[in-house]
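Read off the chains here:
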Amino acid sequence: MDQEEDWDSPSDLQYQPQQQYRPNQQYRKPLTNNPDDLLMDIDSKFAGLVIGKGGVVIKGLRKESGAFISVLDSDTYGLKTVKISGNQKAKEHAQKLINDIVDANDPEKIREKLKEESDIKLNEPVQSTFNWDELMKEEAENLKKRLAALPPIIKDFYKEHPEVTMMTDQEVEDFRVSKNNIMIKYIDENNVKPIPKPVLKFSHAFEDYPEILDEIQKQNFEIPSPVQCQAWPVIMSGHDLIAIAQTGTGKTLAFLLPAFIHIDFQPTPRSERKGPSILVLAPTRELVLQIESEVKKYSYKGIKAMSIYGGASSGKQKECLRNGVEIVIATPGRLNDFVGSGAIDLSDVTFLILDEADRMLDLGFEPQIRVSLLRVRPDRQTIMTSATWPPGVKRLAKSYTTNPIQVMVGSLDLTTVNTVKQDILIMEEEEKELWLDDFLKNCSEDDKIIIFVNRKVTVDQLSSDLCLKGFIVESIHGGREQSDREMALESLRNGEVNILIATDVASRGIDINDITVVINYDFTKDIEEYVHRVGRTGRAGKTGLAITLMTRRDWGKAKELVEVMEKSGQDVPPELQDMATRYEAKKERDRAEGGDRPFRGGRGGGRGFSRDGGFSGNRRNHY
């Protein structure tokens, strides 16, 4: 939590530090041991390595050494006691095995070892008998043999329309600028191959695929979105693609329609494929279900899709797989379980989509992604979508794409869509509930509202309070059953309710185009999530309103919020600018005083900024 500062509190209140922490405090009764037991203390951070996931490591140590080993709390904070029982030889062997684990993971020991090796090497003539060129050549040959054994893939289905061919370089550049400043390049700047020109209308991309055009016409789309204009020629030409664009910009359809064509025109008949042809990985159950729903809007040549995610019956999902599907949309965790159990065969996947890759990394899914994709052929076509371009996503792109083209709509900086008006209200925590009551009473019956909070318990409390006051609301958070979450979203989608209270589980992948208002009842934990919450409204060309309730505890995020609003062309309230300025000044004072001061909780009396012209908590904003 961000630190609070001198918020206009009475001068006679003095900060009282907590009782000084004593690191040698004992947290339990002393151990009583058999005098023959061997006890060894290890740093707490190594205890997990000795035990292993599910106890697999410690079981192996017991089996290999013949000793009984257990890890117990130590009398000293920061340490754990390893208790080893058995005969002398077994105990010594177990002790050595444990020391090996600790030494192999102790940064100090690793540095000492590297230094020793470095000193030895400095005193020896440099001799290398390892032939790296030969190794790389051998690796390339092995990959070539592996690919030769696989059925061929066709990736290029694109024929440039004559109207697109006739566009001059300047016309192409002007069109890209007019479409929210589309930027496109090879990630490898040394790649000088030509980049496909954008298409201006659906027929430019799909003239040779009339059934695709029929499906588009059924959806009453008028023109392609900016990301679709440029992504379709890139994907259909067979390139790997990295699409960077905010939520609600049409990224799903950008990869979905080329995927239909990719499935249909592969040389291996669909009936002979052992598993799905298209694999879509997405970070949340809601986004997985949203993509599945989007796929099922199109009835292209009987192509079937299914979703795989936790919280639903794995038996039913496995049964669907056995019946045969062409497209699988999955969360990484459940997919990893299915791959490990052999419930799904990924060897025929030739088109891979990593959707909202930044969010998957935020949620810690990278290990599951890496394990599952070992089963997917390396020459597949890969599409990555992301709202941001952090180092983790760059690393993932480098690992799983080949000579990709990056299409970026807007800016790599965090910005919100310009169809959303953003209002920031600064108030005290206890004022939020009254403000929300007033606001909801004045909303139109046609409004659809999502209220975002940070904690599951707040979702439940706020839902109950609003229901008691006569409002019809639904709620979702990670603790609710998946069926309840789906029902809540469907109720909002079909208009049975017009208020949804949610944690950030709903900030991505909830594609309800007629959300008119987003309320950030609690400010987000990071500015990236703010962008995604705001992106739930103002979708599909419609306008929206995002209202954020900030308290003085949120002042550490003020500077980033100001930057996002300025880049999106929003009016920044003077109170927010002042909040950001004061927080930066406080950080400078802390640095000058020799570091950040401890958090000063429990201060009373003050409301808002100090008396020198800043915010007063009694100021009310009315809608």
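Residues numbered from 1 in each chain as written. Predicted model: local features only at pLDDT ≥ 70, side-chain atom pairs only at ≥ 80, totals over all residues. Heavy atoms only, no water.

- As recorded in an unreviewed UniProt entry, the chain goes by RNA helicase and comes from Schizaphis graminum.
- Listed in UniProt under the heading Catalytic activity (unreviewed entry), the comment for the chain reads: "ATP + H2O = ADP + phosphate + H(+)".
- As recorded by UniProt, the Sequence similarities (unreviewed entry) comment attached to the chain reads in full: "Belongs to the DEAD box helicase family." (UniProt positions renumbered as here; feature names shortened; annotations may be inferred.)

Side note on the confidence of the model for the chain
- Of all residues in the chain, 82% attain a pLDDT of 70 or more, and the chain-wide mean is 82.
- Per-residue pLDDT stays below 50 along residues 1-31; that stretch engages in 68 contacts with residues further than four places along the chain or on separate chains.
- Segment residues 596-623: pLDDT under 50, and 80 contacts once partners within four positions in sequence are set aside and those in other chains are kept. (pLDDT = per-residue confidence, 0-100. Contact = heavy atoms within 4.5 Å.)

Looking at the environment of L440
- Here L440 lies in helix α18 (residues 432-441).
- In this structure, the C-alpha to C-alpha distance between L440 and I499, residues 59 residues apart in sequence, is 9.1 Å.
- Residues contacting L440, with those up to four places away along its chain left out, are I449, I451, L466, F471 and I499. (Helix = DSSP H or I, 4+ residues; strand = E, 2+ residues; numbered from the N terminus.)

Side note on the packing of helix α22 (residues 558-567) against helix α23 (residues 574-592)
- For the pair α22 and α23, interaxial distance at closest approach is 8 Å and the crossing angle is 135°. Regarding the angle of α22 to α23, the classification is oblique. Crossing of α22 over α23 shows left-handed handedness. Note on element contacts: α23 touches α22 through L576, Q577, M579, A580 and E584, opposite A558, K559, L561, V562, M565 and E566.
- The residue inventory of the contact of α22 with α23, partitioned by class, reads 7 nonpolar, 1 polar and 3 charged. (Axes fitted to C-alpha atoms, helices over the stretch in contact; angles between N-to-C directions. Parallel < 35°, antiparallel > 145°, perpendicular 65-115°, else oblique. Left-handed = near helix turned anticlockwise from the far one by under 90°. Nonpolar A, V, L, I, M, F, W, Y, C, P; charged D, E, K, R; others polar.)

Let's talk about the environment of G544
- Tracing the backbone through its elements, the reader meets G544 in strand β17 (residues 544-550).
- Relative accessible area serves as the criterion here: at 12%, G544 is assigned to the buried category.
- With 126 residues separating them along the chain, G544 and N418 place their C-alpha atoms 9.5 Å apart.
- Residues in contact with G544, not counting those within four places in the same chain, are T419, V420, K421, T516, T537 and G538. (Buried < 20%, exposed > 50% of the residue type's maximum accessible area, 1.4 Å probe, protein only.)

Some words on unusual backbone geometry
- Of note, N180 is a non-glycine position whose phi angle comes to about 60°, a positive value.
- Structurally, N180 can be placed in the loop between α7 (169-178) and β4 (182-186).
- Positive phi, close to 60°, is recorded for N181, a residue that is not glycine.
- Inspection of the secondary structure puts N181 in the loop between α7 and β4.

A word on helix α14 (residues 332-341)
- When α14 is considered as a whole, its buried residues turn out to be P332, R334, L335, F338 and V339. Buried residues in α14, looked at end-on, bunch into an arc of 165°, giving them a common side.
- Next to the buried residues of α14 lie β6 (278-281), β7 (305-308), α13 (314-323), β8 (327-330), α15 (357-362) and α16 (366-373).
- G342 sits one or two residues past α14 and shows a positive phi near 75°. (Arc of directions from axis to C-beta.)

Remarks on the pattern of salt bridges
- In the structure shown here, the tally under the stated rule is 26 salt bridges.
- One salt bridge connects D379 with R377, and the closest N-O pair in it is separated by 2.7 Å.
- Of the charged contacts in the structure, one is a salt bridge between K448 and D514, with a shortest N-O distance of 3.0 Å. Of this pair, K448 sits in the loop between α18 and β13 (449-452) while D514 sits in the loop between β15 (499-502) and β16 (517-520), and the two are 66 residues apart along the sequence.
- On the basis of relative accessibility, which here comes to 34%, the residue D514 falls in the partly exposed class.
- Sharing partners across several salt bridges, the network here consists of E211, D264 and K301. (Salt bridge = Lys/Arg side-chain N within 4 Å of Asp/Glu carboxyl O.)

Considerations on α23
- Between the first and last C-alpha of α23 there are 27 Å, a value that for 19 residues agrees with the 27 Å anticipated at 1.5 Å per step.
- The set of residues buried in α23 consists of L576, M579, A580, R582, Y583, K586 and D590. All buried residues of α23 project into a common sector of 165° when viewed along the axis, lining one side. Projecting away from the buried face of α23 at angles above 90 degrees are the exposed residues P574 and A592.
- The inward-facing, buried residues of α23 abut β12 (420-426), β17 and α22. (Expected span 1.5 Å × (residues − 1).)

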